[in-house]
Amino acid sequence: MCFLKYDKLIVLIYVKIISNGGYNMHYKTVKGILSNDNTMNLYRGCQHGCIYCDSRSKCYHFEHDFEDIEVKENALELLDASLKKKRKPCMIGMGAITDPYIPLEDQLLYTRGALEIIDRNGFGVTLITKSSRVLRNLDILKSIQTHSKCVIQMTLTTYNEKLCKKLEPNVSTTKERFETLLTLQKEGIPTIVWLTPILPFINDNEENLRGILDYCIKAYVKGIICFGMGVTLREGNREFFYSKLDQHFPGLKEKYIHKYGNSYILSSPQNKKLMRIFHQVCEENGIMHEHEEIFNYLRTYEDHRLDLLDFI
């Protein structure tokens, strides 16, 4: 046990040394890892710096700074034990609150470890990310796909690369994510895109929408989730978002406050027009675009070993 603690101290020091801007992390022992709907987050907090991040909201009850990453030190042991107790395999979800491929994953490999456990126990998996780091686990994803369903979800917000670096400064650019989607498609891994958020007066225009949809068509994504053209703001993430508007888009914060006040849902003035284009393009290209259809697909476990019997 003493060696384990010493080893974690080494990891912590190493992480701080190699980081460009410096970031913090700490370990926490947790009582459970899988929620009732079989989803999990191995980390709490994020290093991507996306200006609109809803996970900063106070409703998630972070007891530490958002950039001070909480690592659930016993997560992998708990996951293995939980899967062994389940009577039937199912889909395991990752990344609803914290991206499983934050930079810290490079050193700790918790996400890779979780995927290995899921693979070994014969379960399916779906995870949501903004990072091309997911390709580092392509070997395990392909292995899972041989016996169960494996689906990668990727968030795309803006087609403009320069704008992307302002909105999502510490993550793979949109083009890099598109190239990741292409690779996954070529390797037989189905993908879903989250087209969100579309920020009013920033990227809520037809050029941006058609650019992202064109990427989705070329990458043969299976579905696109879009709840509408806009963004959600609440206590916690609203203050951070407005501070970044002041930094990158001087004067725009006042326009937001005048138009939306303290509203939770901030719909783009272009919402109706852009949503018509969205649904039309998806229909024309055979891409799923209704929420429930996509969520049912993500929740439904498939036993791919049964498919092999057709060849025997």
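The preceding data block contains the structure.
**Student:** What's the story with helix 2 (residues 75-85) in this structure? I'm lost.
**Tutor:** When we look at burial in helix 2, the residues that qualify are Ala75, Leu79, Asp80 and Leu83. Angular distribution of buried residues about the axis of helix 2 spans 130°; they occupy a single face of the element. In this structure, helix 2 carries Glu77, Lys84 and Lys85 as exposed residues pointing more than 90 degrees from its buried face. Against the buried residues of helix 2 lie strand 2 (39-40), strand 4 (68-72), strand 5 (91-94) and helix 4 (110-120).

**Student:** How do you make sense of the nonpolar core when you look at a structure like this?
**Tutor:** The tendency in soluble globular proteins is for nonpolar side chains to be buried side by side. In terms of nonpolar packing, the biggest core is built from 39 residues, with Met40, Leu42, Tyr43, Leu79, Met94, Leu115 and Ile118 touching the most fellow members. Of all elements in the fold, only strand 4, helix 2, strand 5, helix 4, strand 6 (124-129), helix 5 (138-147) and strand 7 (150-156) reach the threshold of two or more residues within this core. The element that contributes the greatest number of residues to this core is helix 4, accounting for 5 residues. Setting aside residues no more than four positions away along its own chain, Leu115 makes contact with Met94, Tyr101, Val125, Leu127, Asn137, Ile140, Leu141 and Ile144. Core analysis: the second largest hydrophobic core is formed by 24 residues, Met154, Leu181, Val193 and Ile287 among them.

**Student:** Please explain the pattern of salt bridges as it appears in this structure.
**Tutor:** Side chains that differ in sign of charge can pair as their charged atoms come close. The tally for this structure, following the rule as stated, stands at 19 salt bridges. Note that Arg234 and Asp54 form a salt bridge whose closest N and O atoms lie 3.0 Å from each other. Residue Arg234 is located in the loop between strand 10 (230-232) and helix 9 (237-248), and its partner Asp54 is located in the loop between strand 3 (43-44) and strand 4; the two are separated by 180 residues in the primary sequence. Close ionic contact of Arg210 with Glu206 constitutes a salt bridge, the shortest N to O distance being 2.7 Å. A residue pair is termed a helical-turn pair when its members lie 3 or 4 positions apart in one helix, as Arg210 and Glu206 do in helix 8 (residues 206-218) at 4 residues. Look at the salt bridges and you will find they share partners, linking Asp80, Lys84 and Arg120 into a network.

**Student:** Sorry, what's going on with the packing of helix 4 against helix 5 here?
**Tutor:** A pair of packed helices can be characterised by two numbers: the angle between their axes and the separation between those axes. Where helix 4 contacts helix 5, the two axes come as close as 9 Å, and the packing angle between them is 20°. In terms of their interaxial angle, helix 4 and helix 5 are classed as roughly parallel. The interaxial crossing formed by helix 4 with helix 5 has left-handed handedness. Contact with helix 4, carried on its side by Arg112, Leu115, Glu116, Ile118 and Asp119, involves Asp139, Ile140, Leu141, Ser143, Ile144 and His147 of helix 5 and no other residues of that element. Considering only residue class, the contact of helix 4 with helix 5 consists of 5 nonpolar, 2 polar and 4 charged.

**Student:** Looking at this structure, I do not really get the pairing of strand 4. What am I missing?
**Tutor:** Both faces of the sheet carry side chains from a regular strand, because those side chains alternate between them. In terms of burial, strand 4 is largely enclosed, as 5 of its 5 residues are buried. Along strand 4, one buried face is formed by Asp68, Glu70 and Lys72 and the opposite face, lined by Ile69 and Val71, is buried too. The pairing of strand 1 (residues 24-28) with strand 4 spans 5 bridges and is classified as parallel. For Met25, the partnering residue across the bridge sits in strand 4 and is Ile69. One ladder, built from 2 bridges, connects strand 3 with strand 4; its direction is antiparallel.

**Student:** Can you walk me through the side chain of Lys72 in this structure?
**Tutor:** Looking at where Lys72 falls in the secondary structure, it is placed in strand 4. The side chain of Lys72 sits in the buried core without any salt bridge; Glu70 is the nearest counter-charge, 5.8 Å away.

**Student:** What is the right way to look at the sheet that holds strand 3 in this model?
**Tutor:** Backbone-to-backbone hydrogen bonds pair the strands of a sheet. The strands run either parallel or antiparallel. With mixed pairing, 3 strands are arranged side by side in an open sheet as 1-4-3. At either margin of the open sheet sits one strand with a lone partner, and together these are strand 1 and strand 3.

**Student:** What is the right way to read a negative patch on the surface from this model?
**Tutor:** On the surface, Glu283, Glu284, Glu290 and Glu293 cluster together into a patch of negative charge. By the secondary structure assignment, Glu283 is in helix 11 (residues 271-284). With a relative accessible area of 56%, Glu283 lands in the exposed category.

Cut-offs and rules
- Throughout this description, residue numbers start from 1 for each chain and increase along the sequence as written.
- Given that this is a predicted model, residues contribute local features only at a pLDDT of at least 70 and side-chain atom pairs are listed and counted only at 80 or more, while totals for whole chains, interfaces and linings are drawn from all residues.
- As a convention, hydrogens and water are excluded, and side-chain values are obtained from all of the structure's heavy atoms.
- Summary of the burial criterion: residues with accessible area below 20% of their type's maximum are buried, those above 50% are exposed, and those between are partly exposed, where the area comes from a 1.4 Å probe applied to protein chains only.
- Helix numbers and strand numbers start at the N terminus; a helix is a DSSP run of H or I with at least 4 residues, a strand a run of E with at least 2.
- The arc refers to the directions leading from the helix axis to the C-beta atoms.
- Two residues qualify as a contact provided that any one of their heavy atoms is within 4.5 Å of a heavy atom in the partner residue.
- What is meant by a nonpolar core is a set of buried Ala, Val, Leu, Ile, Met, Phe, Trp, Tyr and Cys residues, joined one to another through side-chain atoms within 4.5 Å.
- By convention in these notes, a salt bridge is any Lys or Arg side-chain nitrogen within 4 Å of a carboxyl oxygen on Asp or Glu.
- Angles shown run from 0 to 180 degrees and are taken between the N-to-C directions of axes, each axis being a line fitted to C-alpha atoms and, for helices, limited to the stretch in contact.
- Throughout, the term roughly parallel applies to angles under 35 degrees, roughly antiparallel to angles over 145, roughly perpendicular to angles from 65 to 115, and oblique to all others.
- Left-handed describes a crossing whose near helix is turned anticlockwise from the far helix by less than a right angle; the clockwise case is right-handed.
- When residues are grouped by polarity, Ala, Val, Leu, Ile, Met, Phe, Trp, Tyr, Cys and Pro land in nonpolar, Asp, Glu, Lys and Arg in charged, and all others, Gly among them, in polar.
- If DSSP finds at least two bridges between two strands, the strands pair.
- Charge assignment in this entry is limited to Lys and Arg as positive and Asp and Glu as negative, and neither His nor the chain termini are counted.
- Note that patches include only residues with greater than 30% relative accessible area and no salt bridge, and the join distances are 9 Å for like charges and 5 Å for nonpolar side chains (Val, Leu, Ile, Met, Phe, Trp, Tyr).
- For accessible areas, the Shrake-Rupley method is used with a probe of radius 1.4 Å. Any residue's cover is judged against the shown protein chains and nothing else.
- For charged residues, the charge sits on one atom: NZ in Lys, CZ in Arg, CG in Asp, CD in Glu.

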